[in-house]
Amino acid sequence: MITILVIGVLLLVIAIALLLAERFLVSHGESSLTINGERVIKVEGGDSLLATLNQHKLFVPSACGGKATCGLCKVQVVSGAGGILPTEQVFVTREERERGVRLACQVKVQGHIGVRLPEGMLAAREFLSRVTAVETLTHDTKLVRFGLEDGDELDFRPGQYVQLLVPGTDQFRAYSIASPPSRARSAEIQDPKSKIQNPEFELIVRYVPGGLCTGWIHKALSVGDSVRLTGPFGDFFLRGDEGPEIVAIGGGSGMAPMRSIVMHLAEKGMPRKLSLFFGARTRRDLFYVDVFRELEARFANFRYIPALSEPRPQDGWDGETGFITQVVGKYVQPDGEKEAVLCGPPPMIDAAMRVLPGLGVPAERIQFDKF
Amino acid sequence: MLHPLIILVAAVFTHNIALSYLIGMCPMLAMSRRVDTAAGMGVAVTFVLALIGPLNWAIYRLVLVPTHSEVMAFLVFIIVIASAVQLVEMLMGRFFPALHSSFGVFLPLITVNCAILAVSLFVMLREYNLWQTVTFSIGTGIGWGLATTIIAGIRERLQLVGDVPADLRGAGITMVIAGILALAFIGFSGMVAIQ
């Protein structure tokens, strides 16, 4: 009996001590954040830089919920952050460290901190959307259409991505936008010819067994659900509607940003030459073949070259075979100015980076997005 | 009665908690990749032990023994460790921000370091007095930090050589190093004897 009482009193004392300490010690006084040397915001200290930036509607991409495991929330901190922590060292390269790049989730806000954020990141917002359609594209890939709520619009460039908050967790997952920007801007869909009611955008999601977000999207998400997103993010995007020929190489779920770029240029009447190379394993992994064939027939500037790496007999495939990077050399002549956009799994991009300079595309004219 | 200084030397060398009791192994495996993090963790462990060893001793002697509640010692020790680490973290964040930002990541890890609990339990079983407890706590922290830092130094060198068999890399080779180091520490065993 007395034991229970003693333990109870001890626990009570400890709890009170902790609560008092929290009450009197944890407020870190006035802190401030200086963004890009111009905008100063007063903030409450004590939280992580990531959480503080998010509270002030500055969205830094992050997937793991601030546990220093994804390494995505890199920001350049110019002053006031203290030394780099061992938890960050794995993710920050030596050059980045010299520029003051830190993981925002590991920097504690105390006193005055100066941060440099890229212009693109300042444009990112948080918004609520409603699922308006879920379409099955292949055995493991779905297209999800999100409608934006009343009057909201998403101003992005073809190739950029958004992050979805997985419900019931604090984790975000990034997906490239697969639809053209015009359909997400209210001014452009006001056109009486347009069939779209509200600004909308689409994502293409391939099912990853055991994946947190893809499992939710493939198994649970249905029309009418509301989903919280942040974006747009990313410096992988189409730079200008005019310009030299584009060699676009995609594989796997790298189709999404390619579709956005192609559809955007198609709306503008295909003002620049575009060759879309797309690699898949078998015929059943390939989608939007008809759509691209139809565009190919409409625009002389556009070529679509799919290739299967492991065609099966029942596929009846008479197109290109082998890895997509081997196919590119057959169609692209090493003459004239060109740019390249690559999107797909890392081995495909690494292979393309080796092939392209030989075809007249120097490394500095190649943009890529690995996943 | 053992002199507190003998206990200090014994805790660092002859009865090193990591190498002769194999306690505190998981933070040792995790933190022994680099010498500076290992040394930082060693300092943090010593600091926390110096506070918590005597604190748990006082709670045991002044509260649990008089009320015949020794049976709850385990539970009380764990709760005291967890909350004391929290408290120390808050105090440091408020008054020593520089220290906090260099220590900060190690402190929450210490909550789950079994070496801390082991010290409180050893002190209870061996019926140490206050001074013995203080030196034993500090010595254990130094001993753990020393072992972890030496292992980190060896692992850093191994990284440069880089010919560890693939199947042994990581925790495997660290346990082998710890074993060899424990044998080396047996060399100290003539210095002092405690139980």
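This structure is a prediction, so every number in the text was calculated from the model and none was measured.

We now examine the overall build of chain B. Helix and strand counts for chain B stand at nine helices and zero strands. For chain B, the α and β elements follow one another from N to C terminus as α-α-α-α-α-α-α-α-α. Counting every position in chain B, which comprises 195 residues, the buried fraction comes to 41%.

All right, on to the overall build of chain A then. Counting its regular elements, chain A contains eleven helices and 17 strands. Scored against the burial criterion, the 371 residues of chain A give a buried share of 35%. Look at the contacts in chain A between residues 6 or more apart in sequence, and 69% of them connect residues 24 or more apart.

Here the focus is the nonpolar core. Of all hydrophobic cores here, the largest spans 81 residues; its most connected members are A104, A248, I249 and F277 of chain A. The element best represented in this core is helix 8 (residues 255–267) of chain A, accounting for six residues. Of all hydrophobic cores here, the second largest spans 50 residues; its members include A11, F13, I17 and M28 of chain B.

Residue and element names in this part refer to chain A. Strand order in this open sheet of five strands is 2-1-5-3-4, and the pairing throughout is mixed. Each edge of the sheet is formed by a strand with only one pairing partner; in this case those strands are strand 2 (39–44) and strand 4 (101–103). Across the sheet, the axes of successive neighbouring strands diverge by a mean angle of 40 degrees, strand direction being ignored. Judged from the six bridges that link them, strand 1 (residues 30–35) and strand 2 form a sheet pairing that is antiparallel. Each bridged residue has a counterpart across the sheet, and for E30 the counterpart in strand 2 is E44.

With that settled, consider the interface of chain B and chain A. Across the contact, 19 residues belong to chain B and 20 residues belong to chain A. Mapped by element, the contributors of at least two residues to the side of chain B that touches chain A are helix 3 (35–64), helix 4 (73–95) and helix 5 (97–103) of chain B. Considering every element that reaches the side of chain B that touches chain A, the biggest residue donor is helix 4 of chain B, with nine residues. Considering only residue class, the side of chain B that touches chain A consists of eleven nonpolar, seven polar and one charged.

A word on the packing of helix 3 of chain B against helix 4 of chain B. Residue and element names in this part refer to chain B. The geometry of helix 3 relative to helix 4 is characterised by a closest axis approach of 10 Å and an angle of 140 degrees between their N-to-C directions. Comparing their axes, helix 4 and helix 3 come out oblique. As for the relative orientation of helix 3 and helix 4, their crossing is right-handed in sense. Seen from helix 3, the contacting residues are V48, L51, I52, L55, N56, I59, Y60 and L64; seen from helix 4, they are A73, V76, F77, V80, I81, A84, V85 and V88. Tallied by class, residues from the contact of helix 3 with helix 4 come to 15 nonpolar, one polar and no charged.

So, on to the sheet that holds strand 16 (residues 338–344) of chain A. Residue and element names in this part refer to chain A. Strand order in this open sheet of six strands is 15-14-13-12-16-17, and the pairing throughout is parallel. Every other strand in the sheet has two partners, leaving strand 15 (320–321) and strand 17 (366–370) as the edge strands with one partner each. Summarising the sheet, strand 13 (residues 274–280) and strand 14 (residues 302–308) pair through seven bridges and their orientation is parallel. Note on strand 14: the bridge partner recorded for S275 is R303. Together, strand 12 (245–251), strand 13, strand 16 and strand 17 form the strand contacts of helix 8, whose direction differs from that of strand 13 by roughly 155 degrees.

We now examine the confidence of the model for chain B. Here chain B averages 87 in pLDDT, and 94% of its residues register 70 or above. Overall fold confidence (pTM) sits at 0.64, and the ipTM for the predicted complex is 0.72.

All names here are of chain B. Close contact between helix 7 (residues 114–125) and helix 8 (residues 130–161) brings their axes to 11 Å; oriented N to C, the two are set at 150 degrees. Taken together, the axis directions place helix 7 and helix 8 in an arrangement best described as roughly antiparallel. Relative to helix 8, the crossing made by helix 7 is right-handed. Between helix 7, through A115, V119 and V123, and helix 8, the contact on the second element is made entirely by T133, F136, S137, T140 and W144. Across the contact of helix 7 with helix 8, the residue classes tally to five nonpolar, three polar and no charged.

What follows is about the pairing of strand 14 of chain A. All names here are of chain A. Crossover handedness for the path strand 13 to helix 9 (residues 289–298) to strand 14: right-handed. By the bridge criterion, two bridges tie strand 14 to strand 15 in an arrangement that is parallel. Note that in strand 15 the partner of L308 across the bridge is T321.

Moving on, we come to helix 4 of chain B. For helix 4 of chain B, built from 23 residues, the straight-helix expectation of 33 Å at 1.5 Å per residue is met to within 8% by its first-to-last C-alpha distance of 32 Å. Every buried residue belonging to helix 4 of chain B is among V76, F77, V80, I81, A84, V85, V88, E89 and G93 of chain B, and all of these are buried.

Conventions and cut-offs
- Along each chain, numbering runs from 1 in the same order as the chain's sequence is written.
- Ligands are numbered from 1 and chains lettered from A, in the order in which they are written.
- At least 70 in pLDDT is required for a residue's local features to be given in this predicted model, at least 80 for side-chain atom pairs to be given and counted, and no such filter applies to totals for whole chains, interfaces and linings, which use all residues.
- Comment: elements are numbered from the N terminus, with helices defined as DSSP H or I runs of at least four residues and strands as E runs of at least two.
- Three exposure classes are used. Buried residues have 20 or more other C-beta atoms within 10 Å of their own C-beta, exposed residues have 12 or fewer, and partly exposed residues fall in between, all C-beta atoms being placed from the backbone.
- Two residues form a contact once the distance between their C-beta atoms, set from the backbone, is within 7 Å.
- Take the buried Ala, Val, Leu, Ile, Met, Phe, Trp, Tyr and Cys residues, join any whose C-beta atoms are within 7 Å, and the set you get is a nonpolar core.
- Here, any two strands with at least 2 DSSP bridges between them count as paired.
- The angle between two axes is taken between their N-to-C directions and runs from 0 to 180 degrees, where each axis is a line fitted to C-alpha atoms and a helix contributes only its stretch in contact.
- Under this grouping Gly is polar, as are all residues other than the nonpolar Ala, Val, Leu, Ile, Met, Phe, Trp, Tyr, Cys and Pro and the charged Asp, Glu, Lys and Arg.
- By the definition adopted for this analysis, an angle is roughly parallel if under 35 degrees, roughly antiparallel if over 145, roughly perpendicular if from 65 to 115, and oblique otherwise.
- Helix crossings get a hand from a simple test, with the near helix turned counterclockwise from the far one by less than a right angle marking a left-handed crossing and a clockwise turn marking a right-handed one.
- pLDDT measures how confident the predictor is about each residue, on a scale from 0 to 100.
- The handedness of a crossover follows from its direction of travel: if, with the strands pointing away from the viewer, the path from the first strand over the helix to the second runs clockwise, the crossover is right-handed.
- In this analysis, the expected span of each helix is defined as 1.5 Å times one less than the number of residues it contains.

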